[in-house]
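# Fold and geometry: a report
Chain residues, written in single-letter form:
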Amino acid sequence: MSSQQIQTAFRIVAVAALASAFFQVTLGGVVRVTDSGLGCPDWPLCHGRIIPPFDTATLIEYSHRLSASVLVLLVAANMAISWMYFRRRAFVFYSGAASLALVLIASILGGVTVLTELEWWVVTLHLAIAETLIGCLIIAAVSGWNAPAARSELSMPERAVTLWALAAVVGTLLLILSGSFMVGYGAGSSCSTWPLCRGSLLPDGSAYAIHMGHRFVAAAVFVIVAIAVWRVWRSATVGGPVRYVTLIALSLFVAQIALGALLVWLGFSAELKAVHLSLATLGWIAVVFMAALRLLPAYLREATGQLSDGDTLSAGDMRWQPR
């Protein structure tokens, strides 16, 4: 394969794997809000069969398993390309290897989730692995999209931007997991008013407190993301793509807060619950992209004009060489 074919193949597989991972998390949300998690009460078969019976809950859960199989294949293909052609590209190779490990762990946890009859902590851990997998796929895609960069030192103000971007990543993941804990505890529908709960910021009762705690976490993370977006936007070393992603990330968080309010006002419909998780995952993707584009050396080199149009990939030793 030529260097251009290798690069094109990597990009196609990376995007396909990321899209599949997002679809898998979204479908997992549908499984949860429709109470279809035990539509297949056994694992790895479904009702002891390869082809399950055709009822709604079973088909939803079985579709989730089938999409997981597609995701495993795409992540394995991504790792295969990384192994064959990008072994000297640390960000590409190790994030690809981590992705493969995580997707296999997630598959096993999917079985544990069924066998433990949807224990909340297993469900939350399963979601954490899935979201981390998405993060690793983003790192692999961004770092392998263009030529590798020479290392560059960041000034102290730029390091502050880096810290805010990383804080946004950590905060967003914690927010998603706090929502999963809230639902697993049974407090997802406990507060039927918004923004207050039963007319109070600190309502009595553990279920109400957990629900409001998730809202407090959401407010705190929104502030962190807003500051990170502002700092990244003003950074002298970022280019147009990063600026667009920052706006998308902030817009998704605003939409997520609005959807959370709408979810309460409309009585916690299953459809809106599924959209809520899907939008949260989109926000996670945008924040990780923002951090990856800001931090990874491949983008820093391109954004600061150090990457020339004449750079190409040598398939022989997998290092980028000028024509």
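Just above, that's the structure.
To start, this report covers the structure provided alongside it. (Residues numbered from 1 in each chain as written. Predicted model: local features only at pLDDT ≥ 70, side-chain atom pairs only at ≥ 80, totals over all residues. Heavy atoms only, no water.)

### A look at the pattern of salt bridges
Inspection of the entire model under this criterion finds one salt bridge. Measuring nitrogen to oxygen at the nearest pair gives 3.2 Å for the salt bridge that ties Glu 61 to Arg 65. Of this pair, Glu 61 and Arg 65 both sit in helix α2 (residues 56-85), separated by four residues, roughly a single helical turn. Using a relative accessible area of 12% as the deciding quantity, one classes Arg 65 as buried. (Salt bridge = Lys/Arg side-chain N within 4 Å of Asp/Glu carboxyl O. Helix = DSSP H or I, 4+ residues; strand = E, 2+ residues; numbered from the N terminus. Buried < 20%, exposed > 50% of the residue type's maximum accessible area, 1.4 Å probe, protein only.)

### Re the nonpolar core
One finds Ile 134 and Ile 138 to be the most contacted residues of the largest nonpolar core, which totals 57 residues. Elements that contribute at least two residues to this core include exactly α1 (3-33), α2, α3 (90-115), α4 (120-145), α5 (156-185), α6 (206-234), α7 (240-265) and α8 (270-295). The element best represented in this core is α8, accounting for twelve residues. If we skip the residues at most four places from it in the chain, Ile 138 touches Leu 18, Ile 285, Val 288, Phe 289 and Ala 292. Formed by nine residues, the second largest nonpolar core is a distinct cluster that contains Ile 6, Val 13, Ala 14 and Ile 81. (Core = buried A, V, L, I, M, F, W, Y, C linked by side-chain atoms within 4.5 Å. Contact = heavy atoms within 4.5 Å.)

### Focus on the state of the cysteines
Going through the model one piece at a time under the given rule, you end up with two disulfides. Put simply, Cys 40 and Cys 46 are joined by a disulfide, and their sulfur atoms are 1.9 Å apart. Classification of the bridge connecting Cys 40 and Cys 46 rests on its S-S torsion, roughly -80°, and on that basis the disulfide is left-handed. Cys 46 shares its class with Cys 40; the two are buried. Note that Cys 191 is cross-linked by a disulfide to Cys 197, the S-S spacing being 2.0 Å. Across the S-S bond linking Cys 191 and Cys 197, the dihedral sits near -85°, which makes this disulfide left-handed. What makes Cys 191 buried here is its relative accessible area of 0%. (Disulfide = S-S within 2.5 Å.)

### Digging into unusual backbone geometry
Here Trp 43 and Pro 44 are connected by a cis peptide whose omega angle stands at 10°. In this fold, Pro 44 is placed in the loop between α1 and α2. For the bond from Trp 194 to Pro 195, the omega torsion is 10°, close enough to zero to count as cis. Here Pro 195 is to be found in the loop between α5 and α6. Within the chain, Arg 198 stands out as a residue other than glycine whose phi angle is a positive 60°. Looking at the element boundaries, Arg 198 is found in the loop between α5 and α6. If you check the backbone angles, Phe 268 has positive phi at about 60° while not being a glycine. Position of Phe 268 relative to the elements: it lies in the loop between α7 and α8. Judged by relative accessible area, which is 13%, Phe 268 ranks as buried.

Honestly, that's just the spatial picture; any functional story needs more than this.
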